[in-house]
Amino acid sequence: MTPVPPGSAASPAPGKAHHRGLGAGPQRAGWALRHPLQSRRALGGTCSIPTGGAPSTQHHPSRPSGPSGHAAGGSAAPQRPAWGSPSRRRGFLVSLWLEPLFGGEARPEFPSRRRAPCAPGPASAPSPYSRAARGRQPARPPARSRPPPAARGRPPGAAAHGPIGIRNGSEGCIGANRQLENPATSVAEQIPARPEPSGDEIWSRDQEKMSERPEAACRPSRASSITSNGSCTSAGDSPEKGKKGIKGILTSALKKMKKTKPPSVRQVLDLLEEQKLCDAAQHLIVLEKSRSSKSEEGLNTSQQDIESVYEILKHKVFSILKDSVLLAKTNPELLQQAVEALKEQEKEDQNYMSENPPDENMQFRPRKWKELWMATVKESVEARMKDTSRTPRTENLSTVGQNLLHMGKTMKEDLTVVVKYIKQLYPPEFNVFGIYAELYHNYFASQAKENAESHLEDKDIYLLLSWVHNIYPKDMRKDHVLAEELEKVKLGSLLPSSLSKELEKKYLDSEEAAVKNSLSKCLDKEIQRWKEDQEPEKLNGHFQSELLAIFVIQSVYSGQKRAKDISVAVGEELSHRLSKELPAFLRSYKDAFEDFKEKSRKHRYYRPILIANINNCWNFRDYAEKNMAEKDDNKASILSTLSDIENSGFDVLLQQLFAQLKPIYKKFTENKWDSSNEIMNEIIKTTSKHISDFQTLKDPFYHAIVEKIHARLVKEYIVRLLKRKVSLKSPAQQQNLAQHISKNAADLEAFCTSKGSQATWLNSALPKLAEIIRLQDLGAIKIEVATLATTYPDIRKRHLEAFLHIKANLSRSELKSILGYLADTTVSTLPGALLFSNVNVS
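Residues numbered from 1 in each chain as written. Predicted model: local features only at pLDDT ≥ 70, side-chain atom pairs only at ≥ 80, totals over all residues. Heavy atoms only, no water.

Engineer: When you look at the overall build of the protein chain in this model, what are you seeing that I'm missing?
Structural biologist: Across its full length, the protein chain carries 33 helices and four strands. The proportion of buried residues among the 842 residues of the protein chain is 50%. Across the protein chain, contacts joining residues at least 24 apart in sequence account for 77% of those joining residues at least 6 apart. Entry remark: accessible area of the protein chain is about 41,000 Å², with carbon and sulfur atoms responsible for 51%. (Helix = DSSP H or I, 4+ residues; strand = E, 2+ residues; numbered from the N terminus. Buried < 20%, exposed > 50% of the residue type's maximum accessible area, 1.4 Å probe, protein only. Contact = heavy atoms within 4.5 Å. Areas by Shrake-Rupley, 256 points an atom, 1.4 Å probe, with all protein chains shown as cover.)

The following block contains the structure:
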């Protein structure tokens, strides 16, 4: 293409262009920016710089131009412009300045009414500041006066490059992070060593108007935040409105040149003041590297200044991290800023260590912030575990108990916050939850050990063992939020095994002594109650003194349950110990009962008190039957002692009845059973009166005492038959006696059964004796004797010989034969059914 000749419609008169100078700056500068090489060649005679309002080529006499602005024909040499005027000199300087700024690509577009393309000249070498030469540079936030990318002739979304790199915008700190990802290349090395141009060389008239304070590199907007990958980002900056004219373009270019400098200490302090800790950390790293690379800005900043700012940053970061548990929910953004700053420093330490030999020492690297973080977390954990004021005071809880409650509650709540809010802020290699969990556990364990080694009260020993064996491993470590994470950490017990065993022994000794003392006090109160002139209370028609059994059993049961709440092993050990204390207590109880029975016969409520104490035995018996093993020797001892108390009470209660029945039974032998039916009626009547008094016994004991009466009535009847007072020779007399005995046996069985006797084993004794008397055949008699001996194995020859005295018609040899057969009989299948052993033969 050729320039437009003078006089064309697209080109104003030369004089007018000269008069306006650079008045139409945007149009003229736009052409110069788009065609820097052509503008330079214009000075050499190839192209010309337009001087009119619209961009166009200058008039060359040898080149007529058409309406389109192309050469009308021929290739005559172009006319050289008159370049001595200030406007032409200024245009030349602009073209020289802007060409290296934009490096031949991504040049900004400026609004113009017309474009006059210039014929291309020879290709020039790429600018050292072009994007290809520059590489990827840190992004910078856009100046507020700059138009959006599309307005500058760049496709939307394309990166806007300045003299050094990406302009400062929403990607500001991402670029800074990219610098840190390549620590081998410092920021100072990436900044071209080009002197900043003076304003007098470009423009002199508008220098003060165009000068602006450059913003700090990588300075985020007011809505700064941290992206998910850990880089600092800025959002919320509105694009600057485009400035028209060469003044705005050059101002922006000058600002970009100024922004290529490393950040200053003042800028970092401003970021710290704004709590932008991540950005401040990154800027300090840049400053640190610029000093290492001996760049101009780095040399202007002393290491002492950098370290002073580092101390401020460190103080802010670790003050925040110390309160991580509180800030995690109240101010998570601030906590995240501190964590990101920590991560930046740790990453820089790793980069330094990977690039430098281990023996090459640097005064300020590595900074070891991760180690400082661990120390800070430990300090925070200990402070929170010590601050008992945060846990409300619990009534009736000792200082040791309150401290245990506070530490357990704090540990559980804080670790829950770590899992939900803090853990995800850190990279996995920090092992955040593991560090926190171990620190809380270690502090808790140290305090538990200190308490265990000190002199503790009994209740504090119990509380500490409960935390060690039950609450800590079950309620807290099995929490649904913490269980999975704690399983990975594998925390141990709060106390060493040896110390735990020692503490358990103290507890068992103390608990055993406490239960023993409690039982003794219960017995003393019961004995004192017997001495009072007061009838025992009735419950459901039964006399009771159940407070003794209730208190004793409750003391034993509560002790066992408390021990089991600590652990199964401790519970079993205490149960074994207390199983020995209960038999000892019952023996003492039996002795006290016997003493009362012998010394208090004249007590107004003597019999009711006896009945009440017999009823007490049922509660102890029921407890032993349900809670003690069958093979436990202590259980057998308990049941035996209870049986002694019951039988002793029965004997006293039945003493009067049996004394009244004895003379009535003598009438059988005195009258030779002539009036046996009347005598049996009298026995039943007398017994019935006494049995009504035993209704105040509990049902099991009532049935037991009725059985005793039943057995006594049968026994006394047999005694009368063995008195050798009656001897009958004729079979008729023997059959008559047998009928009387059978009738009396039937009446006695009916009476005892009606009163509740369940001793059915007694019902066949008198009928079998009557049958032996009735029988006359020797073989039949032997069979009946064998049956009797099988049912009642305690019958002896003396018993049978005395009984057979009634059958006077038996010869001596027959009697001997019958007695000999008794020796060969089998043992009874009911060894407990003893009837004849208590019968004395005269």
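What follows continues from the structure just given.
Engineer: What am I meant to see in helix α31 (residues 778-791) here?
Structural biologist: Between its first and last C-alpha atoms α31 spans 20 Å; for 14 residues at 1.5 Å apiece the expected length is 20 Å, and the two agree. Of all the residues in α31, the buried ones are I781, E784, V785, A786, L788 and A789. Its side-chain oxygen placed 3.2 Å from the backbone nitrogen of G779, D777 serves as the N-cap of α31. (Expected span 1.5 Å × (residues − 1). Polar contact = N/O pair within 3.5 Å; in protein donor to acceptor, adjacent residues only side chain to side chain.)

Engineer: How do you make sense of the packing of helix α14 (residues 303-322) against helix α16 (residues 332-355) when you look at a structure like this?
Structural biologist: The geometry of a pair of packed helices is captured by two quantities: the angle between their axes and the separation between those axes. As a packed pair, α14 and α16 sit with axes 9 Å apart at the nearest point and diverge in direction by 125 degrees. Taken together, the axes of α14 and α16 lie oblique to each other. Handedness of the α14/α16 crossing: left-handed. Of the residues in α16, those in contact with Y310, V317, F318, I320 and L321 of α14 are L334, L335, A338, V339, A341, L342 and Q345. (Axes fitted to C-alpha atoms, helices over the stretch in contact; angles between N-to-C directions. Parallel < 35°, antiparallel > 145°, perpendicular 65-115°, else oblique. Left-handed = near helix turned anticlockwise from the far one by under 90°.)

Engineer: Mind showing me how you'd approach the nonpolar core here?
Structural biologist: A general tendency of soluble globular proteins is for nonpolar side chains to be buried together. Formed by 179 residues in total, the largest nonpolar core has its most connected members in L313, L321, W373, Y426 and F620. Ranked by residues supplied to this core, first place goes to helix α26 (residues 633-670) with 14 residues. Residues in contact with L313, not counting those within four places in the same chain, are L272, L277, A280, A281, L284 and W369. (Core = buried A, V, L, I, M, F, W, Y, C linked by side-chain atoms within 4.5 Å.)

Engineer: Can you help me understand unusual backbone geometry in this one?
Structural biologist: Excluding glycine, residues mostly have negative phi values, and the peptide bonds linking residues are mostly trans. With a phi close to 50 degrees, N431 is a non-glycine residue in the positive phi region. Within the secondary structure layout, N431 lies in the loop between α18 (399-422) and α19 (432-452). Judged by relative accessible area, N431 falls into the partly exposed class, the value being 43%. For N540, which is not glycine, the phi torsion reads 60 degrees and is therefore positive. In this fold, N540 is placed in the loop between β3 (538-539) and β4 (542-543). Classification of N540 by relative accessible area gives exposed; the value is 71%.

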